[in-house]
Structures are given as C-alpha cells and as structure tokens.
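An overview of the molecular structure
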Amino acid sequence: MTRLALLGYGAMGRLVEQLAPRHGFEVALRLTGADNAGGAGIDAARFRGIEVAIDFSAAAAVAASVERLAPLGVAMVVGTTGWTDDLERVRRAVLAHGAALIHGANFSLGVQVFYRTVETAARLLATDDGYDCWLYEIHHRRKRDAPSGTLRELRRVIAAAGFPRDVDVASNRAGAIPGTHVVGFDSEADTIRLEHQARNRSGFAHGALRAARWVLGRSGVFEWREVWEEVARLPVRP
C-alpha cells in the first residue's frame, strides 16, 4: 500500500479514505482545516514516508499547503475549487522543487465525457445565430463557490469551441444535492438540453484516487482535463 495524506477531512475526505484501499493506498495522515491553518500542519516529521496528498480542503488553504508539501517531495492531487487565482504561485512552488501536482475542477470521468459532448454541440451551433446558450447548476448548501469550478469550465469549453454569443449562467445551493449541471441551446425551432447529474460523490473520489496513482513518480503541474483518458485506464479493485 502507498501511504496517502488527506488535506481536508469533510465528506469528500472521508469518502476518499473509504475507497483508498481499492486503489492501493493506505491513509496515513488526516489533516482537518483546523489542523492545517496556513499550512501549519505540514512538516517533514508528519509526512515522513507519505508519497502523495489529496486536497479537498478550502480554496484559501491550497497555495500555502502546496508551498509546504513541494519541498518534501510529496506529490499532490488538488480537488478543491475556487483557488486558481493562485495558480502561478502554486506552479512556481511545484517547479522550484521538482515536485508533481495534478488539479481539476471535477475529477469525475463522466463529467469529462460531458465536457466533450458540450464542446461538440457548441461547435456545431456556433455559426447559427438562432441558438442561444444557457448554463445552470445546483449543489448542496455547503458548497462555497458559485458558480462552481465545473460550471466555469463548461463556460470555457463553450467559448473555446467558438460559440460567439453570450452565455447566461445561474447557480443554486440547497439541500444535499451532490451536483447537477445543465447546458441548454435554445432556438425558435427547438431546445437542446444536455445534463450531467451526480448521484453521489463517489465519481469524484475515484477520479482523485486514480489521479493520485498517475502522478506518482512524475514532476510538473498537470490539469486533469488533459490527462484523464490516460488515467482512466488504471484498474480499480472491486
């Protein structure tokens, strides 16, 4: 078993711990937000023998954690969202120490397929000004960032596909909903509606654990959307 640390021990952290043995990991350390304020919970003694850390904590904590982990040679998977204003700071820390980090707005394999589907639709409708586009999401009440990283990525995918018109965006936070994202293209003639609905958080956790296996032994900063097809081929124990 490869020794793994968890940064953040909420619902996602506990689920990652539950599924970790199926991916060949032993959770050797758990740091809550209170344990790791400003990266204070990260030191060489605590992380001795730990090869990779998975971060589902808070956006404000990510950069400081990376700056402390990179010199220790611990590979990192960042599933926390809302921190990418600090991406260059994070990149500098990782590259300065020859460390490795992979990050993504959403580690679900199904969401990556959804992005591809949306990209195709946006590209095909880009030149028909009769179609407008809208995005909608709803997540559980505890999710802090709105719009979510996934919704921001959908907006980026649509723009990159060449869709030239404004895209209306709406977000809701309520209840215990794991996450639903809807993309609509509407014209006088018809409506095209594409939807991804997470039944639970397991897709995110499995993806993060696959990413943790993939990033071991590498160096550099990687985006999940660029490598997920390679990562998806890694087997999972039943």
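Before reading on, note that the structure itself is shown above.
Notes on the structure in this doc start here. These numbers come from a predicted model, not from an experiment.

Our focus in this paragraph is the sheet that holds strand E1 (residues 2-7). The sheet built from 6 strands is open, its strands ordered E2-E1-E3-E4-E5-E10 with parallel pairing. Strand pairing shows two members of the sheet lacking a second neighbour, strand E2 (25-31) and strand E10 (220-223), which therefore form its edges. The average angle at which neighbouring strand axes cross in this sheet is 20°, direction not considered. Alignment of E1 against E2, held across 6 bridges, turns out to be parallel. Bridged to Thr2 within E2 is Phe25.

So, about the packing of helix H1 (residues 11-19) against helix H6 (residues 202-215). Relative orientation of the contacting elements H1 and H6 amounts to 60°, with a least axis distance of 9 Å. As the angle between them shows, H1 and H6 are arranged oblique. For the crossing formed where H1 meets H6, the hand is right-handed. Of the residues in H6, those touching H1 at Met12, Leu15, Val16 and Leu19 are Ser202, Phe204, Ala205, His206 and Leu209.

As a further point, take the pattern of salt bridges. Under the defined criterion, the tally for this structure stands at 12 salt bridges. Linking Glu153 and Arg156 is a salt bridge whose minimum nitrogen-to-oxygen distance equals 2.8 Å. On the criterion of helical spacing, the pair formed by Glu153 and Arg156 is a turn pair, its members being 3 residues apart in helix H5 (residues 149-160). Glu153 sits in the buried class, given a relative accessible area of 12%.

All right, on to helix H7 (residues 224-231) then. By the burial criterion, the buried members of H7 are Trp224, Val227, Trp228 and Val231. Along the axis of H7, the buried positions cluster into a sector of 135°, meaning they face one direction only. At its buried positions, H7 is contacted by strand E5 (100-103), helix H4 (109-125), H6 and E10.

It is characteristic of soluble globular proteins that their nonpolar side chains tend to be buried jointly. Leu4, Val16, Ile54, Val77 and Ile102 are the most contacted members of the largest nonpolar core, which has 31 residues in total. Elements with a minimum of two residues in this core: E1, H1, E2, strand E3 (52-55), strand E4 (75-78), E5, H6 and H7. In terms of residue count, H6 provides more of this core than any other element does, 8 residues in total. Excluding residues within four positions of it along the chain, Leu4 makes contact with Val16, Ala20, Phe25, Glu26, Val27, Ala28, Leu29, Ile50, Val52, Ala53, Ile54 and Leu209. Counting 24 residues, the second largest nonpolar core, distinct from the first, contains Leu7, Val66, Ala70 and Ala99.

Our next topic: helix H2 (residues 59-69). By the burial criterion, the buried members of H2 are Val62, Ala63, Ala64, Ser65, Val66 and Leu69. Taken together, the buried residues of H2 touch E1, E3, E4, helix H3 (87-96) and E5.

A few words on the sheet that holds strand E8 (residues 180-186). Sheet strands pair by backbone hydrogen bonding; their relative direction is either parallel or antiparallel. The strand order across the open sheet built from 4 strands is E7-E6-E8-E9, with neighbouring strands paired in mixed fashion. The strands lining the two open edges of the sheet, one partner per strand, are strand E7 (167-173) and strand E9 (191-197). Strand-to-strand twist across the sheet, computed as the mean angle between neighbouring axes with direction ignored, equals 10°. Pairing analysis gives 7 bridges linking strand E6 (residues 132-139) to E8, with the strands arranged antiparallel. Its bridge partner lying in E8, Cys133 is registered against Phe185. Of the strands in this sheet, E6, E7 and E8 touch H5, which is tilted by about 165° from E6.

What counts and how
- Residues numbered from 1 in each chain as written.
- Predicted model: local features only at pLDDT ≥ 70, side-chain atom pairs only at ≥ 80, totals over all residues.
- Heavy atoms only, no water.
- Pairing = 2+ DSSP bridges.
- Helix = DSSP H or I, 4+ residues; strand = E, 2+ residues; numbered from the N terminus.
- Axes fitted to C-alpha atoms, helices over the stretch in contact; angles between N-to-C directions.
- Parallel < 35°, antiparallel > 145°, perpendicular 65-115°, else oblique.
- Left-handed = near helix turned anticlockwise from the far one by under 90°.
- Contact = heavy atoms within 4.5 Å.
- Salt bridge = Lys/Arg side-chain N within 4 Å of Asp/Glu carboxyl O.
- Buried < 20%, exposed > 50% of the residue type's maximum accessible area, 1.4 Å probe, protein only.
- Arc of directions from axis to C-beta.
- Core = buried A, V, L, I, M, F, W, Y, C linked by side-chain atoms within 4.5 Å.

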